[in-house]
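# Report on the structure
Here is what each chain is made of, one letter per residue.
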Protein chains: 2
Amino acid sequence: MIPDLKEVKAAAKRTGPHTHNTPVLTSSTIDRMLNATVYFKCENFQRGGSFKIRGAINAISQLTEDERARGVITHSSGNFAGALALAANALNTKAYIVMPSNAPSVKKDAVAGYGAQIIECDPTLQSRESITKMHQKKTGATFIHPSNDMNVILGHSSAVMELAKEAEQLDVVIAPVGGGGLLAGTAIAVNHLHYYIETIGAEPFGADDAYLSLKTGKIQPCINPKTIADGLLTQLGDQNFPIIQKLVSKIIRVEESEIIHAMKFIWERMKIVIEPSSAVAVAAMFRNINEFKKRKVGVILSGGNVDLANLPF
Amino acid sequence: MIPDLKEVKAAAKRTGPHTHNTPVLTSSTIDRMLNATVYFKCENFQRGGSFKIRGAINAISQLTEDERARGVITHSSGNFAGALALAANALNTKAYIVMPSNAPSVKKDAVAGYGAQIIECDPTLQSRESITKMHQKKTGATFIHPSNDMNVILGHSSAVMELAKEAEQLDVVIAPVGGGGLLAGTAIAVNHLHYYIETIGAEPFGADDAYLSLKTGKIQPCINPKTIADGLLTQLGDQNFPIIQKLVSKIIRVEESEIIHAMKFIWERMKIVIEPSSAVAVAAMFRNINEFKKRKVGVILSGGNVDLANLPF
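Residues numbered from 1 in each chain as written. Chains lettered and ligands numbered in written order. Predicted model: local features only at pLDDT ≥ 70, side-chain atom pairs only at ≥ 80, totals over all residues. Heavy atoms only, no water.

### Remarks on the pattern of salt bridges
Applying the stated criterion to the full structure yields 20 salt bridges over all chains. When the shortest N-O distance is used, the salt bridge between glutamate 258 of chain B and arginine 287 of chain B registers 2.8 Å. A residue pair is termed long-range when its members are at least 10 positions apart, and glutamate 258 of chain B in helix H12 (residues 256-270) and arginine 287 of chain B in helix H13 (residues 276-287) qualify at 29 residues. The partly exposed category is assigned to glutamate 258 of chain B, whose relative accessible area is 22%. The structure contains a network of salt bridges with shared partners spanning Lys41, Glu43, Arg54 and Glu162 of chain A. (Salt bridge = Lys/Arg side-chain N within 4 Å of Asp/Glu carboxyl O. Helix = DSSP H or I, 4+ residues; strand = E, 2+ residues; numbered from the N terminus. Buried < 20%, exposed > 50% of the residue type's maximum accessible area, 1.4 Å probe, protein only.)

### A closer look at helix H7 (residues 125-139) of chain A
All names here are of chain A. Taking 1.5 Å of rise per residue, the 15 residues of H7 would be expected to cover 21 Å, and the 21 Å separating its terminal C-alpha atoms lies within 8% of that figure. Among the residues of H7, those classed as buried are Ser127, Arg128, Thr132 and His135. Each buried residue of H7 sits inside an arc of 125 degrees when the element is viewed along its axis, so together they form one side. In H7, the exposed positions that point more than 90 degrees away from the buried face belong to Gln126, Lys133, Met134 and Lys137. A positive phi of about 75 degrees marks glycine 140, the residue just after H7. (Expected span 1.5 Å × (residues − 1). Arc of directions from axis to C-beta.)

### Side note on the domain arrangement of chain A
The figure often quoted for interface size is the accessible area lost as the parts come together. Residue and element names in this part refer to chain A. Structurally, chain A comprises domain 1 (5-51 + 150-310) and domain 2 (53-143). If you average the C-alpha positions of domain 1 and of domain 2, the two centres end up 24 Å apart. Taken residue by residue, the interface counts 24 residues in domain 1 and 13 residues in domain 2. Of the roughly 1,500 Å² buried between domain 1 and domain 2 on both sides combined, carbon and sulfur atoms contribute 53%. Applying the counting criterion to the domain 1 and domain 2 interface returns two salt bridges. A salt bridge links glutamate 43 to arginine 54, with the shortest nitrogen-to-oxygen separation between them at 2.7 Å. Along the contact surface separating domain 1 from domain 2 lie twelve residue pairs in polar contact (both at pLDDT 80 or more). Looking at the side of domain 1 that touches domain 2, the elements that each hand over two or more residues are helix H1 (5-15) and helix H8 (150-166). With eight residues, H8 is the largest single contributor of residues to the side of domain 1 that touches domain 2. For the side of domain 1 that touches domain 2, the residue count by class is five nonpolar, 13 polar and six charged. (Domains from an automatic or database assignment. Contact = heavy atoms within 4.5 Å. Buried area = accessible area lost by both parts, 1.4 Å probe. Polar contact = N/O pair within 3.5 Å; in protein donor to acceptor, adjacent residues only side chain to side chain. Nonpolar A, V, L, I, M, F, W, Y, C, P; charged D, E, K, R; others polar.)

If you want it as structure tokens, here you go:
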């Protein structure tokens, strides 16, 4: 069930040429504050501003020539829209992105700028799915799910593989959880690095479907999520949930005020721009400070796409 | 008159153990936009959030044991206050920082947090100078000027020495100019790297005393400066002006709107927090785009200390 190390390495080899080996930053202030050693994997510096291109590259590069000629399709108004467009562009593949008509024009412009074709839908899940199916049928494009696709998950593993090269002997890695692709990919890689390294998920209380899914042993829907972490509004899927169940030791939930505080803290002290979803992982570390004492902690800063005209502080 | 390469290297050796060798970042978006290769030296990631600690370390480390026992003193409400406090702390020296009573409490807290003693004065240049002189007399502390001190200037040279190791064969280096310490230090190092590399200063139209000083051949005061770049409000001094006259090829002036645009652009695209003074150097490059075409350009991002509650966008 869990992909083996060979598959993880193969995915990293596929993504490597088309993604940045993003910097791993440290902060002596934070280390002193927590009495820990923290390595921040800066996927906010990744191409397209988030880790998502890793999975997109890995998924597209495993299509047959014939499939690639017909293109790929997804529905997303978030980071995966840009990531799939960018990855398709890098791999000379046609991309169709189904986006709600009310998506911010800056996001539409970015997707169009990467050469993808935007297909508008109504801002409902039903419209997104039916329009996607229709266009998939019409074009023969392969649907790539943003998080519940094993190739996407394996692509995301590459972030931790890089992190481990710069930060040896990690004790624990924290990643935010939304759709579950990043957390599952992280857990797979961590598991192969060394059996004793822990993988922890971080989630807002206002969208704690993954926490509840682990607790109930069944995928829970993400109903009316209320959080500033706009990358974490989706629910787990059948591909990533079993991995998370098996390999993730726990999910730490954080309040909205903790997310905003962590975000501001990282901007002010580390001088880097992270989006609220990234700050969720930082907030989890700040919340459970005793748990991380004297440990070597890897934190996946998942992305840095924020609207500067609309900051929470 | 111009310090020789041996002195530049000695300063870099002194600052090295107490400062970060800050990352040099690149952006394929910006390179494509400008048709140039741009290396950003990220002094926003420096200890204390700006390049200023380089000069402070170099100046303090050249005091005699006796002088160090009596401490150092400066007046500043900006980045040099924190930098001198931090440097003094690193070198086990007492620091007295004269700060206006209306300085933001966050800045006072930082200075006090580094163990320096704050001496309050009225928010006028006259009060700053007289209070400083009084305390200098009382304590026997050595006065260290934020920008018009050859050891401070030489300390600042170390940023370009590091930059040159990561970005070979630069054609031009751009640095913002306020008091002139960074620009003079940059020019000295650049001059020793290779005679053909150009050093360019960047300055707001609203505080263009350095531009006017070069034009008139005489240090011009910075009267009623009007700019968001709060690190560039001071004027050149007799130590750095002759160096700037001899080694800086020109000063590019930029509008306030260009500074804000450049700042926002760097935050959004590069996901790093830079302060308006850093953005002035970026804005100069954007303004004179033809001048930098097909060249290898070094840009000193001088600092990242901004008030997130008070952004211009």
